[in-house]
Amino acid sequence: MSTLQDAPPETRRLSLPVATLIGLLALAAALGVGHLVAAFVGYTASPFIAVANYVVDHSPTAVVKWAERTLGTWDKPVLKIGLAVVLVLLALLAGQLSRRTPRAGQVLVFVLGAAGIAAVYARSDLGQVSLLAPVAALVAGLAVFTSLHRLALSRESADQGPELSRESSGSGASRRKFLRAGVGVAAGSGLAAVVGQVAGTSSNAEDSRAAVGPLVPARTVPPLPADADFAKLGSPPFITPNADFYRIDTALVVPQVRTEDWSLKIHGMVDREVTFSYADIRNRPLVERRVTLTCVSNEVGGPLISNAAWIGVDLADLLAEAGVQPGAEQMFATSVDGWTCGTPANVALDPARGAMLAIGMNGEPLPVEHGFPARIVIPGLYGYVSATKWVESLEFTRWDARQAYWLGRGWAEQAPIKTESRIDTPNGFAGVTAGKVRLAGTVWAQHTGIAKVEVRLDQGPWFPATLSAEVSKDTWRMWWIELDVPKGTHQASVRATDSGGYTQTENRADPVPDGATGWHSVTLDAR
Ligand SMILES: Nc1nc2c(c(=O)[nH]1)N[C@H]1C(S)=C(S)[C@@H](COP(=O)(O)O)O[C@H]1N2
Ligand SMILES: [Mo]
């Protein structure tokens, strides 16, 4: 009777469960060790996060924008889960391909590790030392894969079982040895990941934010009029609570910047390069300004618009200290996470525009996910050409010298916010009682102002809606109306005319390249 010991080495095989287990443990070790090292060299250098970031930055625009629209703030968790699934499948594959020799699995582990290194290398905001994280991950993955594989194979050969049980689990001491090593790797990887997570986020921005204290504007905004919104009639509230404010950015890990580590440099085509610390900004007389932000990806009727009272300083004042030169066309802003944004220089410089460097939002320091410690807010421009969060640099330059993040991805260089209106109540396919039906909604034409909102049923005449008080031409307004709705299925549509005399076009256009157009309508099922 032949035994495993007699069998030529090349016929020794690992059982499928053992082989896949080795693949999974190597993956766990790589990710755990990578995460641990990243805690000390830059949190976003964690290979998993770096690869996920790379996927976001290099996905076709259509895919990214689709994800923003359909998944909303779930886009990031969904991406991470998707990436985790892919990695697990590859780990299983690495194990399966390596039942006789470790070669194929080693190659796959190496390729994955190299992808992590490349993803970290590709980031402009991470220094060379951050490469240590993915390199450590690669080494850990390869070491665990190779040594567990050797242990498992020698276990197989040490077992004196009959040929038939070659693939079955071994017995005795060698089996326990393998199991112990496996459990050790699993526990060690988990521990490394947890320690990395705690250490990597312990110097986070939340306690720095808590230490800022009250931000008291030297010039406060006048109190809101009672009819700034029709929230009781079904419009959104005039001011969006911070927790409900829409959030759009490419950051998979919200950048954690402490005030003491933050500064803003204004440079490029300027007479004097200037750098401001957080204290420099905080100690200036602060202004408060209500501005409605809107995302260019917002579909007709979509939710990517919110309104806040921002506290900060006039950007034009800071720029005056730098002395922007006449030839500058573009204010090219960079965030600490490498995201970039191009604003027409004349808009940023215009004192009448009211562009801000904001450090507060609705009476609090900026929430971390909305750009703490500081961000840009510019009335009337879509967020991708104006609203840089975690901003660290403003470079004045020409359009052809620097291309901002979304411009290479099919979005327009110039992107003023388009005049739009939305029906908020009733929403969707609403069942209503025939007769008088009340509709309420939102309308905006930032930095232009709204002249009127009209609503109609089916192809009927347009009726003027009641508008809320104009708080500022840089903020949204609300409207409401009561319509006579006969029994049956009807379509209610809304259109706005802005203070410049422009009436919203009925023509439907996609958000790409510079914002959606068309009338928003809802179907009313009147019984
Ligand atoms: N650093 C950084 N800032 C950014 C972005 C980003 O991806 N990264 N996205 C911009 C876009 S597209 C929009 S619409 C606004 C959204 O700001 P909010 O998340 O505070 O609502 O932020 C802008 N600022
Ligand atoms: Mo946006």
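Residues numbered from 1 in each chain as written. Chains lettered and ligands numbered in written order. Predicted model: local features only at pLDDT ≥ 70, side-chain atom pairs only at ≥ 80, totals over all residues. Heavy atoms only, no water.

This part takes up the site of ligand 1. Within the structure, ligand 1 sits among 19 residues, and Tyr246, Thr250, His370, Arg375 and Lys389 are positioned closest to it. Backbone polar atom of Ile248 to an oxygen atom of ligand 1: 3.0 Å apart, as the coordinates give it. One of the side-chain N or O atoms of Lys389 is found 2.5 Å from an oxygen atom in ligand 1. If ligand 1 stood free it would expose 530 Å²; the protein chains cover 99% of that surface. Looking at the shell around ligand 1 residue by residue, the classes come out as 9 nonpolar, 5 polar and 5 charged. (Near = heavy atom within 4 Å. Polar contact = N/O pair within 3.5 Å; in protein donor to acceptor, adjacent residues only side chain to side chain. Areas by Shrake-Rupley, 256 points an atom, 1.4 Å probe, with all protein chains shown as cover. Nonpolar A, V, L, I, M, F, W, Y, C, P; charged D, E, K, R; others polar.)

What the rule picks out here adds up to 7 aromatic pairs. Measuring from centroid to centroid gives 5.7 Å for Phe245 and Tyr246, while their planes differ by 15 degrees, and the two rings are stacked. A single burial state applies to Phe245 and to Tyr246, both of which are buried. Between Tyr405 and Trp406, the aromatic rings sit 4.9 Å apart at their centres with planes inclined by 80 degrees, giving edge-to-face as the arrangement. Both residues of the pair, Tyr405 and Trp406, count as buried. (Phe/Tyr/Trp six-rings, centres within 6.5 Å; stacked < 30°, edge-to-face > 60°. Buried < 20%, exposed > 50% of the residue type's maximum accessible area, 1.4 Å probe, protein only.)

For the rest of this paragraph, the subject is the packing of helix H2 (residues 47–58) against helix H5 (residues 103–121). Two elements in contact, H2 and H5, have axes whose closest approach is 8 Å; the angle formed by their N-to-C orientations is 65 degrees. With respect to the hand of their crossing, H2 and H5 are arranged in left-handed fashion. Each of Ala50, Val51 and Tyr54 in H2 lies in contact with H5, whose residues at this interface are Ala115, Gly116, Ala119 and Val120. Residue composition of the contact of H2 with H5, grouped by class: 6 nonpolar, 1 polar and no charged. (Axes fitted to C-alpha atoms, helices over the stretch in contact; angles between N-to-C directions. Helix = DSSP H or I, 4+ residues; strand = E, 2+ residues; numbered from the N terminus. Left-handed = near helix turned anticlockwise from the far one by under 90°. Contact = heavy atoms within 4.5 Å.)

So, about the nonpolar core. Judged by nonpolar contacts, the single largest core of 87 residues is most densely connected at Ile266, Trp310, Leu357, Tyr384, Leu394 and Phe396. Ignoring sequence-local partners within four residues, the contact set of Ile266 consists of Arg272, Glu273, Val274, Phe276, Leu318, Leu319, Ala322, Leu394 and Phe396. In this structure, Ala430, Val455, Val494 and Ala526 belong to the second largest nonpolar core, which totals 22 residues. (Core = buried A, V, L, I, M, F, W, Y, C linked by side-chain atoms within 4.5 Å.)

With antiparallel pairing, 4 strands are arranged side by side in an open sheet as E11-E13-E17-E16. Two strands close off the open sheet at either side, each with one partner strand: strand E11 (420–425) and strand E16 (466–467). Relative to strand E17 (residues 477–485), strand E13 (residues 435–444) is paired through 9 bridges, and the arrangement is antiparallel. Bridged to Ala440 within E17 is Trp480. (Pairing = 2+ DSSP bridges.)

Turning our eyes to something else, we now look at the packing of helix H4 (residues 75–96) against H5. Remark: H4 packs on H5, axes separated minimally by 8 Å, with the N-to-C direction vectors making an angle of 155 degrees. As the angle between them shows, H4 and H5 are arranged roughly antiparallel. On H5, the residues touching Leu87, Leu90, Leu93 and Ala94 of H4 are Gly105, Leu108 and Leu112. Considered class by class, the residues forming the contact of H4 with H5 number 6 nonpolar, 1 polar and no charged. (Parallel < 35°, antiparallel > 145°, perpendicular 65-115°, else oblique.)

Right, let's get into the state of the cysteines. Using the criterion set out here, one finds 0 disulfides in the structure. Here Cys341 stays free of any disulfide, with the sulfur of Cys295 as its closest cysteine sulfur at 12 Å. (Disulfide = S-S within 2.5 Å.)

Ordered by their spatial adjacency, 5 strands build an open sheet running E2-E1-E10-E5-E6, and the pairing between neighbours is mixed. Edge positions in the sheet fall to strand E2 (274–277) and strand E6 (340–344), since each of these pairs with one other strand and no more. Across the sheet, the mean angle from the axis of one strand to that of its neighbour is 15 degrees, orientation sign disregarded. Judged from the 4 bridges that link them, strand E1 (residues 263–268) and E2 form a sheet pairing that is antiparallel. What sits directly across from Lys265, in E2, is Thr275.

Turning to the domain arrangement of the protein chain, a few remarks are in order. Its domain assignment divides the protein chain into domain 1 (9–200), domain 2 (231–409) and domain 3 (420–526). Summarising the inter-unit geometry, the C-alpha centres of domain 2 and domain 3 are found 29 Å apart. Taken residue by residue, the interface counts 30 residues in domain 2 and 28 residues in domain 3. Of the roughly 2300 Å² buried between domain 2 and domain 3 on both sides combined, carbon and sulfur atoms contribute 61%. Where domain 2 touches domain 3, the interface holds 0 salt bridges. Inspection of the domain 2/domain 3 interface yields 7 residue pairs in polar contact (both at pLDDT 80 or more). At the level of elements, strand E3 (287–294) and strand E4 (305–314) are the ones that each hand at least two residues to the side of domain 2 that touches domain 3. Examining the composition of the side of domain 2 that touches domain 3, we find that 5 residues originate from one element, E3, more than from any other. When the residues that make up the side of domain 2 that touches domain 3 are grouped by side-chain class, the tally is 14 nonpolar, 12 polar and 4 charged. (Domains from an automatic or database assignment. Buried area = accessible area lost by both parts, 1.4 Å probe. Salt bridge = Lys/Arg side-chain N within 4 Å of Asp/Glu carboxyl O.)

Here Thr433 shows up in the loop between strand E12 (429–432) and E13. Sequence separation between Thr433 and Arg527 is 94 residues, and the spatial gap between their C-alpha atoms is 5.2 Å.

What follows is about the pattern of salt bridges. Applying the stated rule across the entire model yields 18 salt bridges. Salt-bridge contacts for Arg209 lead to Glu364; the nearest nitrogen and oxygen are separated by 2.8 Å. Taken as a pair, Arg209 in helix H8 (residues 205–210) and Glu364 in strand E8 (residues 364–365) lie far apart in primary sequence, 155 residues in all. For the salt bridge of Glu321 with Arg284, the shortest nitrogen-to-oxygen distance reads 3.0 Å. In this pair, Glu321 sits in helix H10 (residues 315–322) while Arg284 sits in the loop between helix H9 (278–282) and E3, placing the two residues 37 residues apart along the sequence.

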